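# Chains, contacts and geometry: an overview
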Amino acid sequence: SSGYQDRNSWLACEFLNGTHGFVGGSFGRVIATRDGGDSWATTPTGLLASVSVLALAAPPVLRSPFGRPLGHAGVLLAVGQAGTLLRTGDFGASWSARGVGLLEDLHDVAWGNATSAYAVGDSGTLLVSADAGVSWRLVFAP
């Protein structure tokens, strides 16, 4: 049989399109594919917490009147267990943890425009970023 296999427990899977996908697992492990799942590579997250919820979002691609892409090409955001907030600027080759010290699980992340992002989770948690996910502000939490 072919495929990616190790002793890690894989807990979440999300694809951005038909070729780019990510799988999150225990001990902060994330693997990525750029060819529709034919091959997978580990991407470092720097986390030890499990990535049991993997909700990915890429900013909308804005184009200049001349057809050039504007905005944040390669930026992806991911959220997960125990307040996990991840950001990459290179389509998932490497990730950096972003956080505000939450313990609540985060369940989804979405873009409002090319720079505004929103993350939601347990107990009414709502986080807002105005700088493409570099920093986050807690809007509401109990």
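Summarised in this report is the structure supplied together with it. Only a predicted model underlies this, so the values are computations on that prediction, with no experimental measurement involved. (Residues numbered from 1 in each chain as written. Predicted model: local features only at pLDDT ≥ 70, side-chain atom pairs only at ≥ 80, totals over all residues. Heavy atoms only, no water.)

## With respect to the pairing of strand β1 (residues 10–15)
The side chains of a regular strand alternate, residue by residue, between the two faces of the sheet. Rules: Strands pair, by our definition, only if DSSP identifies at least two bridges between them. Labels follow the DSSP assignment, with helices taken as runs of H or I lasting at least four residues and strands as runs of E lasting at least two, numbered in each case from the N terminus.
Sheet topology note: the β1/strand β2 (residues 21–25) ladder contains five bridges and is antiparallel. When the sheet's bridge partners are listed, A12 is paired in β2 with G24. In this structure, the hairpin formed by β1 and β2 is closed by a connection of five residues.

## Notes on the packing of aromatic side chains
Heads up, the condition is: We call Phe, Tyr and Trp rings a pair once their centres come within 6.5 Å, taking the six-membered ring for Trp, and we label the pair stacked below 30 degrees between planes, edge-to-face above 60, and tilted otherwise.
Taken as a whole, this structure holds two aromatic pairs when the rule is applied. On the basis of an interplanar angle of 85° and a centroid distance of 6.3 Å, the ring pair of F15 and W40 is categorised as edge-to-face. Remark: W40 occurs in the loop between β3 (30–33) and β4 (41–43) and F15 occurs in strand β1; sequence separation between them is 25 residues. Look at F22 and W95: their rings are 5.7 Å apart centre to centre, the planes differ by 80°, and that puts the pair in the edge-to-face class.

## Comments concerning the nonpolar core
Generally speaking, soluble globular proteins have nonpolar side chains that are buried together. Quick note on the threshold: For our purposes a nonpolar core is just a set of buried Ala, Val, Leu, Ile, Met, Phe, Trp, Tyr and Cys residues, chained together by side-chain atoms within 4.5 Å. Type-normalised accessible area, obtained with a 1.4 Å probe on protein chains alone, sets the label of each residue: buried when under 20%, exposed when over 50%, and partly exposed for intermediate values. Pairs of residues are marked as contacts when any of their non-hydrogen atoms sit within 4.5 Å.
If you look at the biggest cluster of nonpolar residues, it comprises 13 residues, and the most contacted ones within it are L85, A119, L127 and W136. Every element with two or more residues in this core is listed here: β8 (76–79), β11 (106–111) and β12 (117–121). Examining the composition of this core, we find that three residues originate from one element, β11, more than from any other. Excluding residues that lie within four positions of it along the chain, W136 makes contacts with L77, L85, R98, V100, V109, A117, Y118, A119, L127, V128 and S129. Ranked by size, the runner-up nonpolar core spans eight residues in total, among them F22, A32, L76 and W95.

## Observations concerning the sheet that holds β2
Selection rule: Geometry is summarised by axes, namely lines fitted to C-alpha atoms with helices restricted to the contacting stretch, and by angles between N-to-C directions that run from 0 to 180 degrees.
Across the sheet, four strands lie side by side as β1-β2-β3-β4; this open sheet has antiparallel pairing. Every interior strand has two partners, whereas the edge strands, β1 and β4, have only one. When the angles between neighbouring strand axes are averaged without regard to direction, this sheet yields 30°. Both β3 and β4 contribute to a ladder of three bridges, which runs antiparallel. Counterpart to I31 in the pairing with β4 is T42.

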